[in-house]
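# Descriptive structure summary
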Amino acid sequence: QVQLVESGGGLVQAGGSLRLSCAASGIFVSINAMGWYRQAPGKQRELVADITSGRRIKYADSVKGRFTISRDNAKNTVYLQMNSLKPEDTAVYYCNALSGGFPMYQWGKGTLVTVSS
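Structure report, in brief.

About the thresholds
- Residues numbered from 1 in each chain as written.
- Predicted model: local features only at pLDDT ≥ 70, side-chain atom pairs only at ≥ 80, totals over all residues.
- Heavy atoms only, no water.
- Helix = DSSP H or I, 4+ residues; strand = E, 2+ residues; numbered from the N terminus.
- Rg over C-alpha atoms; globule rule 2.2 N^0.38 Å.
- Buried < 20%, exposed > 50% of the residue type's maximum accessible area, 1.4 Å probe, protein only.
- Contact = heavy atoms within 4.5 Å.
- Areas by Shrake-Rupley, 256 points an atom, 1.4 Å probe, with all protein chains shown as cover.
- Disulfide = S-S within 2.5 Å.
- Core = buried A, V, L, I, M, F, W, Y, C linked by side-chain atoms within 4.5 Å.
- Salt bridge = Lys/Arg side-chain N within 4 Å of Asp/Glu carboxyl O.

A separate point is the overall build of the protein. Of regular secondary structure, the protein possesses 0 helices and 11 strands. When the helices and strands of the protein are listed from N to C terminus, the series reads β-β-β-β-β-β-β-β-β-β-β. The globule rule puts the C-alpha radius of gyration for 117 residues at 13 Å, and the 13 Å found for the protein is close to it. By its C-alpha atoms, the protein is 40 × 25 × 25 Å across when sized along the principal axes. Looking at the protein as a whole, 41% of its 117 residues qualify as buried. The contacts in the protein between residues at least 6 apart in sequence include a share of 54% that link residues at least 24 apart. Of the roughly 6,400 Å² of accessible surface on the protein, 49% is carried by carbon and sulfur atoms.

What follows is the structure, encoded as structure tokens:
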């Protein structure tokens, strides 16, 4: 069974940093495209970063230059390093595998990131 467990969220001041982790089981992050999504209250879930099995990386314009997606195949874990955080980054962050640009599995609990100004 596929499980995706997000962690690392918390409360941080504007300009600060957080590192999110997505621990996967039942799939190999090394052979799947993986993405980080976020959903702010009252807003649509949006894809903010993704990495393919070929290590191609894409970012949403809103996070370019500030966020970095990476994976550790040995740990079967995907990371999102978030620097220079802004209040508008406040959201619940989720990870998922992607197929044809679509999330493949049931959403996990996500991890809440709150950025204060």
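Turning to the state of the cysteines, a few remarks are in order. Overall, the coordinates contain 1 disulfide when judged by the stated rule. Paired through a disulfide, Cys 22 and Cys 95 show a sulfur-sulfur distance of 1.9 Å. Given an S-S torsion of about 60°, the disulfide between Cys 22 and Cys 95 has right-handed geometry. In this pair, Cys 22 is assigned in strand E3 (residues 18–25) and Cys 95 in strand E9 (residues 91–99), connecting sequence segments 73 residues apart. Accessibility classification places Cys 22 together with Cys 95 in one group, the buried group.

Judged by nonpolar contacts, the single largest core of 28 residues is most densely connected at Met 34, Trp 36, Leu 80, Met 82 and Tyr 93. Of all the secondary structure elements, the ones that give two or more residues to this core are E3, strand E4 (33–39), strand E5 (46–51), strand E7 (67–72), strand E8 (77–82), E9 and strand E11 (111–116). Beyond its immediate sequence surroundings of up to four residues, Met 34 is in contact with Leu 4, Ile 27, Val 29, Ala 49, Asp 50, Ile 51, Ile 69, Val 78, Asn 96, Ala 97 and Leu 98.

Let us now look at the pattern of salt bridges. The final tally for this structure, using the stated rule, is 4 salt bridges. Of the charged contacts in the structure, one is a salt bridge between Glu 46 and Arg 38, with a shortest N-O distance of 2.8 Å. The exposure class of Arg 38 is buried, given its relative accessible area of 6%. Arg 38 is the partner of Asp 89 in a salt bridge, and the nearest nitrogen-oxygen pair spans 2.9 Å. Taken as a pair, Asp 89 in the loop between E8 and E9 and Arg 38 in strand E4 lie far apart in primary sequence, 51 residues in all. A single network of salt bridges, built from pairs that share partners, joins Arg 38, Glu 46, Arg 66 and Asp 89.

It is worth stressing that arrangement in space is one thing and function is another; only the former is reported here.
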